[in-house]
Structures are given as structure tokens and as C-alpha cells.
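Below, each chain spelled out in residue letters.
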Amino acid sequence: MDRKLMEEMLTRMKLHLLKGEDIGNLKVGALFALGEQLSAIFYYVGHELGSKIEIENGPITEIGQIIAKFIEITQQYHLGEIIIDEQDNGHITFHLADCNSCKDLPVATPSDNSFCSFEAGVFAGIVERMSNKRCFAQELECRLQGRASHCQFMIVIPTD
Ligand SMILES: [Zn+2]
């Protein structure tokens with residue numbers, strides 16, 4: 001367990017409850033502090049959710065069209081603001097401002113663990129549904145790791 005992160009979450013939960021504020025994301029942060037295996041569960045749930053988002057006129061195969069539609073959907077569902085870093089036929093790398101999972105959480109301890117595997121799963125599910133190909137997404141850098149101001153993700157799209 002990441003004891004330092006857990007203490008930080010508990011302290012903030014106490015303050016939020018006193019002020020009558022929501023503690024949903026802090027509870028998730030406390031779960032995260034408990035252990036690594038949760039990121040796989042969050043990814044799975046996110047992937048299931050992303051797969052439920054219907055895409056009109058699919059499947060889309062051209063990468064430019066995939067990215068345009070992907071940005072449109074992330075705006076529609078308030079998943080954060082996408083800033084594309086790199087793209088080719090097999091992958092999209094981007095920064096995410098205002099990431100839903102971590103926007104309310106403080107950078108407690110610089111760490112190597114990424115936090116937003118739920119988003120990674122959602123993004124993989126959306127692009128999978130769109131392209132009709134089995135995609136994979138990963139958070140490369142998380143704002144909570146303390147080195148960057150935004151989370152960064154990569155989506156891999158099989159090109160076969
Ligand atoms: Zn993150």
C-alpha cells in the first residue's frame with residue numbers, strides 16, 4: 001500500500017466532508033493507494049463503457065477521420081480536452097487536459113504508477129468500436145506522477 005498517498009486522501013476526505021463537498025474521486029484515490037491490481041479493473045470497466053458509445057456511419061478506417069470523431073466524442077462525454085502529440089496509421093498519442101479521474105486529486109507523491117487506467121480503457125473502447133479493430137490504450141504519463149501538467153495517453157490500432 002502507498003501509505004503516504006492513503007494519508008493524503010484521508011486528510012482531504014475529512015476536509016471535504018466537513019465542507020459538505022463530494023469525495024467520490026478521493027475515494028477512488030484511496031482505492032488506488034491500496035494496490036496496483038485495481039488499475040486493471042478500472043481499465044476493464046472503462047473499456048466496457050467506451051464500447052457502449054455508438055458510432056454513426058462506422059466503421060471508420062482513415063486515421064484523420066478516427067481522430068476527428070474521437071475528439072468529438074470525448075468533448076460530447078466531457079472526458080477532458082485532447083491535445084494530439086503524434087499520430088500515424090497505427091497509433092495516436094495525445095495529452096489530456098482536465099482528466100476526469102485525476103482532476104480533483106492533488107499530486108501527493110511523485111510516483112511511477114499511472115492513475116487514469118479508467119480513461120485508457122474508455123479510449124480503447126471508443127476507438128475499437130469506431131474502427132472495428134481490437135485496440136489497446138495506455139497512460140504513458142500521469143499528472144499525478146508529478147512530472148507533467150497533463151496526463152498523456154497512447155492508443156494502438158492494429159494495422160493488418
Ligand atoms: Zn492520469
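Predicted model only: the values in this text are computed from it and were never measured.

Q: So what exactly am I meant to see when it comes to the coordination of the zinc ion here?
A: Metal coordination angles in their ideal form are 109.5 degrees for the four-donor tetrahedron and 90 or 180 degrees for the six-donor octahedron. Distances from the zinc ion to its protein donors, Cys116 (SG), Glu139 (OE), Cys142 (SG) and Cys151 (SG), fall at 2.0 to 2.3 Å. Because the angles between the 4 donor atoms bound to the zinc ion fall within 96 to 116 degrees, the donor set is best described as tetrahedral. Within one chain, the residues donating to the zinc ion are spaced in sequence as C-x22-E-x2-C-x8-C. In this pair, cysteine 116 is assigned in the loop between strand E2 (91–97) and helix H5 (117–131) and cysteine 151 in strand E4 (residues 151–156), connecting sequence segments 35 residues apart. The pair cysteine 116 / cysteine 151 is uniform in exposure class, with both members buried.

Q: How should I be thinking about the environment of threonine 11 in this particular structure?
A: Topologically, threonine 11 is positioned in helix H1 (residues 3–18). Taking relative accessible area as the criterion, threonine 11 reaches 46% and is therefore assigned partly exposed. Separated by 2.8 Å, the side chain of threonine 11 and the backbone oxygen of glutamate 7 make a polar contact.

Q: Can you help me understand the sheet that holds strand E3 (residues 136–141) in this one?
A: Paired through their backbone hydrogen bonds, the strands of a sheet run either parallel or antiparallel. Taking strand neighbours across the sheet as the criterion, the 4 strands line up as E1-E2-E4-E3 in an open arrangement whose pairing is antiparallel. Every other strand in the sheet has two partners, leaving strand E1 (81–88) and E3 as the edge strands with one partner each. Within the sheet, the average angular offset between the axes of one strand and its neighbour, ignoring direction, is 25 degrees. Across the face of the sheet, helix H4 (residues 63–76) comes into contact with E1, E2 and E4 while running at roughly 165 degrees to E1.

Q: I keep staring at the nonpolar core and nothing clicks. Help me out?
A: In globular proteins that are soluble, nonpolar side chains generally tend to be buried together. Residues Phe70 and Ile155 are the most contacted members of the largest nonpolar core, which totals 43 residues. Among the secondary structure elements, those contributing two or more residues to this core are H1, helix H2 (24–34), H4, E2, H5 and E4. It is H5 that provides the largest number of residues to this core, a total of 7 residues. Both domains that furnish three or more residues to this core are identified here as domain 1 (1–35) and domain 2 (36–156). Setting aside residues up to four positions removed in sequence, phenylalanine 70 forms contacts with Ile82, Phe94, Phe123, Ile126, Val127, Met130 and Ile155.

Q: What is the right way to read a negative patch on the surface from this model?
A: A contiguous patch of negative charge, built from Glu21, Asp22, Glu81, Asp98 and Asp104, is present on the exposed surface. Within the secondary structure, aspartate 98 is located in the loop between E2 and H5.

Q: How do you make sense of the domain arrangement of the protein when you look at a structure like this?
A: When the parts of a complex come together, some accessible area is lost, and that lost area is often used as the size of the interface. In terms of domain boundaries, the protein breaks down into domain 1 (1–35) and domain 2 (36–156). In this structure, domain 1 and domain 2 have C-alpha centres spaced 24 Å apart. With 13 residues of domain 1 at the interface, the matching set in domain 2 holds 14 residues. In total, domain 1 and domain 2 occlude about 1200 Å² of area from one another, counting both sides; carbon and sulfur atoms represent 72% of this. Considering only the surface of domain 1 that becomes buried against domain 2, Asn25, Phe32 and Gly35 emerge as the three largest contributors, covering 50% of it. One can count 0 salt bridges joining domain 1 with domain 2. In this assembly, domain 1 and domain 2 are joined by 1 residue pair in polar contact (both at pLDDT 80 or more). Looking at the side of domain 1 that touches domain 2, the elements that each hand over two or more residues are H1 and H2. Examining the composition of the side of domain 1 that touches domain 2, we find that 6 residues originate from one element, H2, more than from any other. Residues of the side of domain 1 that touches domain 2, tallied by class, amount to 6 nonpolar, 3 polar and 4 charged.

The rules behind these values
Residues numbered from 1 in each chain as written. Predicted model: local features only at pLDDT ≥ 70, side-chain atom pairs only at ≥ 80, totals over all residues. Heavy atoms only, no water. Donors = N, O, S within 2.8 Å, 3.2 Å for Na, K, Ca; no water. Tetrahedral: all angles 85-135°; square planar, octahedral: opposite > 155°, others 65-115°. Helix = DSSP H or I, 4+ residues; strand = E, 2+ residues; numbered from the N terminus. Buried < 20%, exposed > 50% of the residue type's maximum accessible area, 1.4 Å probe, protein only. Polar contact = N/O pair within 3.5 Å; in protein donor to acceptor, adjacent residues only side chain to side chain. Pairing = 2+ DSSP bridges. Axes fitted to C-alpha atoms, helices over the stretch in contact; angles between N-to-C directions. Contact = heavy atoms within 4.5 Å. Core = buried A, V, L, I, M, F, W, Y, C linked by side-chain atoms within 4.5 Å. Domains from an automatic or database assignment. Patch = residues over 30% accessible without salt bridge, like charges linked within 9 Å, V, L, I, M, F, W, Y side chains within 5 Å. Areas by Shrake-Rupley, 256 points an atom, 1.4 Å probe, with all protein chains shown as cover. Salt bridge = Lys/Arg side-chain N within 4 Å of Asp/Glu carboxyl O. Lys, Arg positive; Asp, Glu negative; His and termini not counted. Charge placed at Lys NZ, Arg CZ, Asp CG, Glu CD. Buried area = accessible area lost by both parts, 1.4 Å probe. Nonpolar A, V, L, I, M, F, W, Y, C, P; charged D, E, K, R; others polar.

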